[in-house]
Amino acid sequence: MAKHSSKRKFEKPHAHRDTHDQGIKAKKHLGQHFLGDESVAKNIADTLTYVGYSHVLEIGPGTGVLTKYLLEKPTHLSVMDLDRESIAYLQSAFTLEHKLNDVHFTVLEADFLRYDLDTIYPGEQLAITGNFPYNISTQIVFKTIEHKERIPEFTGMFQKEVAARICADHGSKTYGIMSVLVQAFYDAEYLFTVPPTVFIPPPKVDSGVLRLKRKEGYQDIGCTQEMLFKVVKMAFQQRRKTLRNSLKGMGLSDEFREREILTRRPEQISVQEFIALTAAITDDIATS
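What you see is a predicted model, and the numbers here were worked out from it, not measured in a lab.

Novice: Talk me through the overall build of the chain; I want residue IDs and the actual numbers.
Specialist: Along the chain, the regular secondary structure elements total ten helices and ten strands. In the chain, buried positions account for 52% of the 288 residues. Within the chain, counting contacts between residues at least 6 apart in sequence, those at least 24 apart form 72% of the total. Summed over all atoms, the accessible surface of the chain reaches about 13900 Å², with 50% contributed by carbon and sulfur.

Next up, the structure:
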């Protein structure tokens, strides 16, 4: 179930760190907007519960503003970035400044979307966090779902509208494909909003921080993940139409097509109803 948290309030920004002091400039082609506010960084580090795992992967550490607060936590930390300038800084000046060693802190120059996660803390549970590049944030979430058996918790910063979409409940205008596919396996909670002024350079929109906590029954939700993805994507491709129309391509039996649930539009269908519907469709196809 999606939640919107009202407990945590955004603190007023502190002084920005000047990324130019480290010789690092945000790169537009990497979708970078460096976090320059200490209080926001600390708040994001605090979004992880650090329960049920002892390893954390930060994606897009940039100049290490969030990283230093994660290092205060009881965890083994790896950071991953494609920006060679950021990597060089984190491996040298940042490491020396914080007196780090490779036992609890690892810097990886890599593309998260292409990286083999099984090579990071093999066999161990792993949490993910970060100030995610806007241009790949949804892909990061989908890869997390692919590796859900290893990722019990996920927090981080997105464009506000993307974070709201992930955490949306059915009946909402923002409820869609990502809402269902994420919430089938994770409890999603929108935590707090962050204004553009705390970034270097500032983006044109607000950002939002969320938390995903893996559900206890994630291994057997009642239908296959592949079929759920197919049904949900087909349903929302024509979100203004009823499911009876949008799911025509599924090859459903005439009897099945008379079910009441198919008279509704996709945004009216809860996550659990989508799962039950997918299981029923699977049986209908198998017996037709």
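Novice: Give a description of the side chain of Arg-150 that names residues and reports values.
Specialist: In this fold, Arg-150 is placed in the loop between α5 (137–146) and β7 (153–159). The buried charged residue Arg-150 lacks any salt bridge, with Asp-118 as its nearest oppositely charged partner at 4.1 Å. Among the polar contacts made by the side chain of Arg-150, one reaches the main-chain carbonyl oxygen of Ile-120 at a distance of 2.8 Å. Residues contacting Arg-150, with those up to four places away along its chain left out, are Leu-117, Asp-118, Ile-120, Tyr-121, Pro-122, Gly-123, Glu-124, Gln-125, Leu-126 and Arg-214.

Novice: Run through the pairing of β7, naming residues and quoting values.
Specialist: Counting buried positions along β7 gives six out of seven residues, so the element sits mostly inside the fold. The sheet contact formed by β7 and strand β10 (residues 207–214) spans seven bridges and is antiparallel. Bridge pairing in β10 places Phe-154 opposite Leu-212.

Novice: So what's going on with the pattern of salt bridges? Residues and values would help.
Specialist: When their charged atoms lie close together, side chains carrying opposite charge are able to pair. Tallied over the full model, the rule gives ten salt bridges. The partner of Arg-114 in a salt bridge is Asp-111, and the shortest N-O contact between them spans 3.9 Å. On the accessibility criterion, Asp-111 (23% relative accessible area) is partly exposed. One salt bridge in this structure joins Glu-161 and Arg-165, with 3.7 Å as the shortest N-O distance. Residue Glu-161 and its partner Arg-165 are located together in helix α6 (residues 160–167), separated by four residues, close to a single helical turn.

Novice: So, the packing of aromatic side chains: which residues are in play, and what are the values?
Specialist: For the coordinates displayed, the defined rule picks out six aromatic pairs. Ring centres of Tyr-50 and Tyr-53 lie 6.3 Å apart, and the angle between their planes is 45°; on these two criteria the pair is classed as tilted. Accessibility expressed as a relative area gives 9% for Tyr-53, which makes it buried. Consider the rings of Tyr-175 and Phe-236, whose centres lie 6.0 Å apart with planes at 70°: the pair is edge-to-face. Here Tyr-175, found in the loop between α6 and α7 (177–183), pairs with Phe-236, found in helix α8 (residues 225–237); they are 61 residues apart in sequence, far enough to count as distant. Residue class for Phe-236 comes out buried when judged on its relative accessible area of 8%. An aromatic cluster is built from Phe-132, Phe-154 and Phe-158, whose rings are joined through pairwise contacts. Here the basic side chain of Lys-148 rests over the ring of Phe-185, its NZ or CZ set 4.6 Å away from the ring centre.

Novice: Which residues make up α6, and what values do they have?
Specialist: All buried positions along α6 are accounted for by Val-162, Ala-163, Ile-166 and Cys-167. In a view along the axis of α6, the buried residues occupy a sector of 130°, so they form one face of it.

Novice: With reference to specific residues and values, describe the nonpolar core.
Specialist: Core analysis: the largest hydrophobic core is formed by 60 residues, its most contacted members being Leu-247 and Phe-274. Top contributing element to this core by residue count: α8, with eight residues. If we ignore the near neighbours within four places in the chain, the residues touching Phe-274 are Tyr-175, Val-180, Leu-228, Val-231, Val-232, Ala-235, Phe-236, Pro-266 and Ile-269. Judged by nonpolar contacts, the second largest core, of 29 residues, contains Ala-41, Leu-90, Phe-105 and Ala-127.

Novice: For unusual backbone geometry, give the residues involved together with the corresponding values.
Specialist: Positive phi, close to 60°, is recorded for Tyr-50, a residue that is not glycine. Within the secondary structure, Tyr-50 is located in the loop between α1 (38–45) and β3 (55–59).

Novice: A description of the pairing of strand β6 (residues 127–130) should follow, citing residues and the corresponding values.
Specialist: The alternating pattern of β6 places Ala-127 and Thr-129 and Ile-128 and Gly-130 on opposite faces, both of which are buried. Where β3 and β6 come together, four bridges link them in parallel fashion. Among the inter-strand pairings, Val-56 is bridged to a residue of β6, identified as Ala-127.

Novice: Provide a residue-level description of the environment of Thr-174, including the pertinent values.
Specialist: Looking at the secondary structure, you find Thr-174 in the loop between α6 and α7. Thr-174 gets classed as partly exposed once you look at its relative accessible area, which sits at 38%. Discounting residues that sit within four places of it in the chain, Thr-174 has contacts with Ala-164, Arg-165, Ala-168 and Ser-179. At 2.8 Å, the side chain of Thr-174 and the side chain of Ser-172 are in polar contact.

Here is what the cut-offs are and how they apply
Residues numbered from 1 in each chain as written. Predicted model: local features only at pLDDT ≥ 70, side-chain atom pairs only at ≥ 80, totals over all residues. Heavy atoms only, no water. Helix = DSSP H or I, 4+ residues; strand = E, 2+ residues; numbered from the N terminus. Buried < 20%, exposed > 50% of the residue type's maximum accessible area, 1.4 Å probe, protein only. Contact = heavy atoms within 4.5 Å. Areas by Shrake-Rupley, 256 points an atom, 1.4 Å probe, with all protein chains shown as cover. Lys, Arg positive; Asp, Glu negative; His and termini not counted. Salt bridge = Lys/Arg side-chain N within 4 Å of Asp/Glu carboxyl O. Polar contact = N/O pair within 3.5 Å; in protein donor to acceptor, adjacent residues only side chain to side chain. Pairing = 2+ DSSP bridges. Phe/Tyr/Trp six-rings, centres within 6.5 Å; stacked < 30°, edge-to-face > 60°. Lys NZ or Arg CZ within 6 Å of the ring centre and 35° of its normal. Arc of directions from axis to C-beta. Core = buried A, V, L, I, M, F, W, Y, C linked by side-chain atoms within 4.5 Å.

On their own, these measurements won't tell you what the molecule is for.
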